[in-house]
Amino acid sequence: MEYLHTMVRVTDLDASLDFYCNKLGLVEVRRVDSEKGRFTLVFLAASADAENAKGDGVTRMKPCIELTHNWDPEGYAGGRNFGHLAYAVENIYDTCQALMDGGVIINRPPRDGNMAFIRSPDNISIELLQKGPALEPQEPWASMQNTGVW
């Protein structure tokens, strides 16, 4: 397993970038604008990590903070502004099976062979991402429904 990023939701992207970049000294290494999803993702790294954080694909950008700005106003009560921790795994299916065997609920199964979500005992969301290209979809994951929230 390899640490990737921590995601936080922000209400004012400009103010957040001013804080994280201009005041804290982090460097923007990637930005994704999604018209369809109505959000912007900005990945930031410490200056010493910036070169390692650049790359194609989320699993090659580490360690980072992912700022998620939803374009439509949304309240973030109850800590909803903290999004998730993210880790790359060698085989998402094997990892999820081992977690299930250990009694962990897979909240968002890896139906796409690429991404799954679980929660810690304290309800912290943890994103698991397939290292490298997505695996071919396979059962029982492909037809498994979400459980709860993540």
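Bear in mind the structure is a predicted one, so any value in this text is a computation, not a measurement.

Asks: With reference to specific residues and values, describe the packing of aromatic side chains.
Replies: Overall, the coordinates contain 4 aromatic pairs when judged by the stated rule. With centroids separated by 6.2 Å and ring planes inclined at 15°, the aromatic side chains of Tyr-93 and Trp-141 adopt a geometry described as stacked. Here Tyr-93 is found in helix H3 (residues 92-101), whereas its partner Trp-141 is found in the segment after strand S7 (125-130), with 48 residues between them in sequence. There is no split in this pair, since Tyr-93 and Trp-141 are both buried.

Asks: Now, about the nonpolar core: what can you tell me, with residues and values included?
Replies: In this structure, Val-89, Ile-92, Tyr-93, Cys-96, Ile-106, Ala-116, Ile-118, Ile-126, Leu-128 and Trp-141 together form the largest nonpolar core, which totals 10 residues. Sorting the residues of this core by element identifies H3, strand S6 (115-119) and S7 as the ones contributing at least two each. In this structure, Val-89 is in contact with Met-1, Thr-95, Leu-128, Leu-129, Gln-130 and Lys-131, ignoring residues within four places of it in sequence. If you look at the next biggest cluster of nonpolar residues, it comprises 9 residues, including Leu-13, Leu-26, Leu-44 and Leu-67.

Asks: Help me get a handle on the sheet that holds strand S4 (residues 64-70), residues and values and all.
Replies: Reading across the sheet, the 7 strands line up as S2-S3-S4-S1-S5-S7-S6 and stay open at both edges, with mixed pairing between neighbours. Looking at which strands have only one partner, the edges of the open sheet turn out to be strand S2 (27-34) and S6. The mean inter-strand angle of the sheet, taken between neighbouring strand axes irrespective of direction, is 25°. The strands touched by H3 within the sheet are strand S5 (82-89), S6 and S7, with S7 carrying the most contacts at an inclination of about 145°.

Asks: Before we move on, can you summarise the side chain of His-69 with the specific residues and values?
Replies: Structurally, the position occupied by His-69 is in strand S4. Within the structure, the side chain of His-69 is placed 3.3 Å from the backbone oxygen of Thr-11, a separation counted as a polar contact. Here His-69 is in contact with Val-10, Thr-11, Asp-12, Leu-13, Arg-38, Phe-39 and Thr-40, once residues within four sequence places are set aside.

Asks: Mind laying out the pattern of salt bridges, listing which residues take part and the relevant values?
Replies: Counted according to the given criterion, the structure contains 6 salt bridges. For Glu-2, the salt bridge identified is with Lys-131, shortest N-O distance 3.1 Å. On the criterion of sequence distance, the pair formed by Glu-2 in strand S1 (residues 2-9) and Lys-131 in the segment after S7 is long-range, its members being 129 residues apart. Glu-2 sits in the partly exposed class, given a relative accessible area of 23%. Measuring nitrogen to oxygen at the nearest pair gives 3.5 Å for the salt bridge that ties Glu-90 to Lys-131. Residue Glu-90 is located in the loop between S5 and H3, and its partner Lys-131 is located in the segment after S7; the two are separated by 41 residues in the primary sequence. Members of the salt-bridge network, linked through shared partners, are Glu-2, Glu-90 and Lys-131.

Definitions and cut-offs
- Residue positions are given per chain, counting from 1 as you read along its sequence in written order.
- Given that this is a predicted model, residues contribute local features only at a pLDDT of at least 70 and side-chain atom pairs are listed and counted only at 80 or more, while totals for whole chains, interfaces and linings are drawn from all residues.
- Only hydrogens and water are set aside; all other atoms, that is, all heavy atoms of the structure, feed into the side-chain values.
- Any two of the Phe, Tyr and Trp rings considered here, Trp counted by its six-membered ring, make a pair once their centres fall within 6.5 Å; the pair's planes then place it as stacked at under 30 degrees, edge-to-face at over 60, or tilted in between.
- Counting from the N terminus, the helices are the DSSP runs of H or I reaching at least four residues and the strands are the DSSP runs of E reaching at least two.
- Buried residues are those whose accessible area, probed at 1.4 Å on protein chains only, stays under 20% of the maximum for their type, while exposed residues exceed 50% and partly exposed ones sit between those limits.
- Here the nonpolar core consists of buried residues drawn from Ala, Val, Leu, Ile, Met, Phe, Trp, Tyr and Cys, with membership extended through side-chain atoms lying within 4.5 Å.
- By definition, residues are in contact when any of their heavy atoms lie within 4.5 Å.
- By this definition, two strands are paired if DSSP reports at least two bridges between them.
- A fitted line through C-alpha atoms represents every axis, and for helices the fit uses only the stretch in contact; the resulting angles, taken between N-to-C directions, go from 0 to 180 degrees.
- Two N or O atoms form a polar contact when they lie within 3.5 Å of each other; inside protein one atom must be a possible hydrogen donor and the other a possible acceptor, and for residues adjacent in sequence the pair counts only when both atoms belong to side chains.
- Counted as salt bridges are all cases of a side-chain nitrogen of Lys or Arg within 4 Å of a carboxyl oxygen of Asp or Glu.

Interpretation in functional terms is not warranted from these geometric data alone.
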